[in-house]
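Summary of structural features
Letter by letter, the chains look like this.
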Amino acid sequence: MGYDASFRVWRGDADGGELRDYSVPVNEGEVVLDIIHRLQATQTPDLAVRWNCKAGKCGSCSAEINGRPRLLCMTRMSTFAEDEVVTVTPMRAFPVIRDLVTDVSFNYRKAREIPSFTPPPGLAPGEYRMQQIDVARSQEFRKCIECFLCQNTCHVVRDHEDNKEAFSGPRFFIRIAELEMHPLDTADRRDAAQDQSGLGLCNITKCCTEVCPEDIKITDNAIIPMKERVVDRRYDPLVWLGNKIFRRGET
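Residues numbered from 1 in each chain as written. Predicted model: local features only at pLDDT ≥ 70, side-chain atom pairs only at ≥ 80, totals over all residues. Heavy atoms only, no water.

Attention shifts here to the pattern of salt bridges. Counted by the stated rule, this structure contains 19 salt bridges. Linking aspartate 34 and lysine 54 is a salt bridge whose minimum nitrogen-to-oxygen distance equals 2.3 Å. Of this pair, aspartate 34 sits in helix H1 (residues 32-42) while lysine 54 sits in the loop between H1 and strand E3 (62-65); the two residues are 20 residues apart in sequence, bridging distant segments of the chain. Residue classification places aspartate 34 among the buried positions, given a relative accessible area of 15%. Residue class for lysine 54 comes out partly exposed when judged on its relative accessible area of 39%. (Salt bridge = Lys/Arg side-chain N within 4 Å of Asp/Glu carboxyl O. Helix = DSSP H or I, 4+ residues; strand = E, 2+ residues; numbered from the N terminus. Buried < 20%, exposed > 50% of the residue type's maximum accessible area, 1.4 Å probe, protein only.)

Rendered as structure tokens:
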């Protein structure tokens, strides 16, 4: 049975904006994106919002609903009380373009900084062979739909704009981990993770894991193991001694 929901939607652009109140009809089984589309169709045809698949797989409709980073298409209206005000705002960590659309180009710049997959020399495409058990760990990270909700909720990015130069964020830590754990990738990515991507700035609060719509265990399965690999390389006394002896033999 339908009802009229109270929505509060952020309207504005890079120069500023405000929350505006709307009353919008809701039908049984609908999600927040349905209501935003109805709002566009009936009251605010100039409302800007990104969306594509409406199936939780493209990552386009990221926003904040009642202050929590979510996908509009995967947030059911049935999770809210009928008399509850539903507030929809753009992702806070990225510059606003207009209304609910933000400039996420920061993420694409960070993606280009990560060295690509590096197979063993002489191994041609089509010759890759590996056991499923060996690739299962890194395969989890390929479920990422690049909604950037983890980037948005990470306080290192969200609350400290000046960190963006030195910090890639959780989405790209799982990319680094995916390659580092891949059985056929030969590059050593530990130093780059620490020095170029800012892995050490992460204090593993798990807020990124909590908002991931694909249920990727970002913190437990990617960030913490990468931190352990960095520590092993840089601070394990036996590794340090071995490196000293190896370098001495080269001179």
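Mapped onto the fold, lysine 206 is located in the loop between helix H7 (190-195) and helix H8 (207-211). Given the relative accessible area of 34%, lysine 206 is considered partly exposed. The contact partners of lysine 206, leaving out residues within four places of it in the chain, are Thr219 and Asp220. (Contact = heavy atoms within 4.5 Å.)

Okay, unusual backbone geometry next. At lysine 54, a residue that is not glycine, the phi angle is positive and equals roughly 55°. Of note in the backbone geometry, phenylalanine 148 takes a positive phi value of approximately 65° without being a glycine. Looking at the element boundaries, phenylalanine 148 is found in the loop between helix H3 (132-139) and helix H4 (149-153).

What follows concerns helix H2 (residues 105-112). Three or more residues of H2 are buried, namely Phe106, Asn107 and Lys110. The arc that holds the buried residues of H2, viewed along the axis, is 100°, so those residues lie on one side. At its buried positions, H2 is contacted by H4 and helix H6 (170-180). (Arc of directions from axis to C-beta.)

Now for the environment of tryptophan 51. Tracing the backbone through its elements, the reader meets tryptophan 51 in the loop between H1 and E3. We classify tryptophan 51 as partly exposed; its relative accessible area is 43%. Once the C-alpha coordinates of tryptophan 51 and serine 62 are considered, the two residues, 11 residues apart in sequence, prove to be 8.4 Å apart. Beyond its immediate chain neighbours, meaning those up to four positions away, tryptophan 51 contacts Leu33, His37, Ser60 and Cys61. A polar atom in the side chain of tryptophan 51 sits 3.2 Å from the side chain of histidine 37. (Polar contact = N/O pair within 3.5 Å; in protein donor to acceptor, adjacent residues only side chain to side chain.)

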